[in-house]
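Given next are the chains, with one letter for each unit.
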Amino acid sequence: MSMIGEYLRVTAAALDRAIQDPDWALDFAEEVQDGEEDTEPAPTEARHFSAYKAWDVLRFLMARAEFPVNVVHGEEAFAEDEDWGYGSPRYLRPERVRVAAEALRDTSYAQLVSGVEPSELTSAEVYPLGWSEPGSLEWARPWYDGLTQFFEAAARADDAILIWLD
């Protein structure tokens, strides 16, 4: 079974509702995921984004770069008694989404991986394993690029983002 990083753009009003009614939030997240599954909208148009299995390498690289926002796990907990796959969900408020979008935009993937040796990821047991393969650091680039576009669109719309591992 895989661990997948999941993101859902929500309005400020929907965030408030999600915090008050986590069951509604999970149902809403699943409804959006199902609705976008067939159409696969671009990250700039999507309400849902999946970082697939790249979430942990992105976490490692962003921590190393001292990102100002926890883009991979979120910063504020809600539904702490709920399990959305691998633990409870978290979120970023619209103002933190804007800070994250700016940091993502200002940090290219090439900058993130600059000076990183694949052996560092192996030593840190970054999920998924297999970092000794040639070009392994390039594997996560499409998800970083998509995440950057997703966050920029959310920031433009003044949206919050729910984040969880499924």
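Residues numbered from 1 in each chain as written. Predicted model: local features only at pLDDT ≥ 70, side-chain atom pairs only at ≥ 80, totals over all residues. Heavy atoms only, no water.

**Considerations on the sheet that holds strand 2 (residues 48-52)**
Quick reminder of the rule: The pairing criterion for strands is at least two bridges between them, as found by DSSP. Only DSSP runs of H or I reaching four residues or more are called helices, and only runs of E reaching two or more are called strands; each is numbered from the N terminus. Between two residues, a contact is recorded if the distance between any of their heavy atoms is within 4.5 Å. Fitting a line to C-alpha atoms yields each axis, with helices limited to the stretch in contact; the angle taken between N-to-C directions then spans 0 to 180 degrees.
The strand order across the open sheet built from five strands is 2-1-5-4-3, with neighbouring strands paired in antiparallel fashion. Unpaired on one side and paired on the other, strand 2 and strand 3 (76-77) mark the two borders of the sheet. Pairing of strand 1 (residues 5-10) with strand 5 (residues 160-165), which is carried by six bridges, proceeds in the antiparallel orientation. Counterpart to R9 in the pairing with strand 5 is I161. Where helix 7 (residues 141-156) meets the sheet, it contacts strand 1, strand 2, strand 4 (90-92) and strand 5, and its direction lies at approximately 155° from that of strand 2.

**Considerations on the pattern of salt bridges**
Stated formally: One speaks of a salt bridge when a side-chain nitrogen belonging to Lys or Arg is within 4 Å of a carboxyl oxygen belonging to Asp or Glu. For the exposure calls, accessible area comes from a 1.4 Å probe over protein chains only, and a residue counts as buried if that area is under 20% of its type's maximum, exposed if over 50%, partly exposed in between.
Evaluated as defined, the whole model comprises nine salt bridges. One salt bridge in this structure joins D56 and R59, with 2.5 Å as the shortest N-O distance. One end of the pair is D56 and the other is R59, both in helix 3 (residues 55-64) and three residues apart, which spans about a single turn. Classification of D56 by relative accessible area gives buried; the value is 7%. Within this structure, R9, R47 and D159 form a network of salt bridges that share partners.

**Notes on the side chain of S136**
Stated formally: The definition of a polar contact used here is a pair of N or O atoms within 3.5 Å, where within protein one atom must be able to donate a hydrogen and the other to accept one, and adjacent residues in sequence count solely through side-chain atom pairs.
If you trace the backbone, S136 turns up in the loop between helix 6 (118-123) and helix 7. At a separation of 2.7 Å, a polar atom in the side chain of S136 contacts the main-chain carbonyl oxygen of W131. When residues no more than four places from it in sequence are discounted, the contact partners of S136 are P118, G130 and W131.

**Comments concerning the environment of Y91**
Secondary-structure assignment places Y91 in strand 4. Accessibility expressed as a relative area gives 4% for Y91, which makes it buried. In this structure, the C-alpha to C-alpha distance between Y91 and G74, residues 17 residues apart in sequence, is 4.9 Å. Aside from chain neighbours lying at most four places away, what touches Y91 is L15, I19, G74, E75, E76, A77, F78, I161 and L162. Looking at Y91, its side chain comes within polar contact range of the side chain of R93, at 3.2 Å.

**A short note on the packing of aromatic side chains**
This is how it is decided: Within 6.5 Å between ring centres, the rings of Phe, Tyr and Trp (the latter by its six-membered ring) count as paired, and their orientation is classed by plane angle as stacked under 30 degrees, edge-to-face over 60, tilted in between.
Scanning all chains against the criterion turns up 14 aromatic pairs. With a centroid separation of 5.8 Å and 80° between ring planes, the pair formed by F78 and W84 is classed as edge-to-face.

**Remarks on helix 2 (residues 22-37)**
Going by this rule: Each residue after the first adds 1.5 Å to the expected span of a helix.
With 16 residues, helix 2 ought to run about 22 Å at 1.5 Å a step, and its terminal C-alpha atoms sit 22 Å apart, in line with that. In this fold, the buried residues of helix 2 make contact with strand 1, helix 1 (12-20), strand 2 and strand 5.

**Quick look at the pairing of strand 5**
Within strand 5, six of the six residues are buried, which leaves the element mostly enclosed by the surrounding structure. Of the two faces of strand 5, both are covered, the one formed by A160, L162 and W164 as well as the one formed by I161, I163 and L165.

**Description of the environment of E37**
Mapped onto the elements of the fold, E37 is located in helix 2. Here E37 falls in the exposed class, since its relative accessible area comes to 55%. Separated by eleven residues in sequence, E37 and L26 place their C-alpha atoms 16 Å apart.

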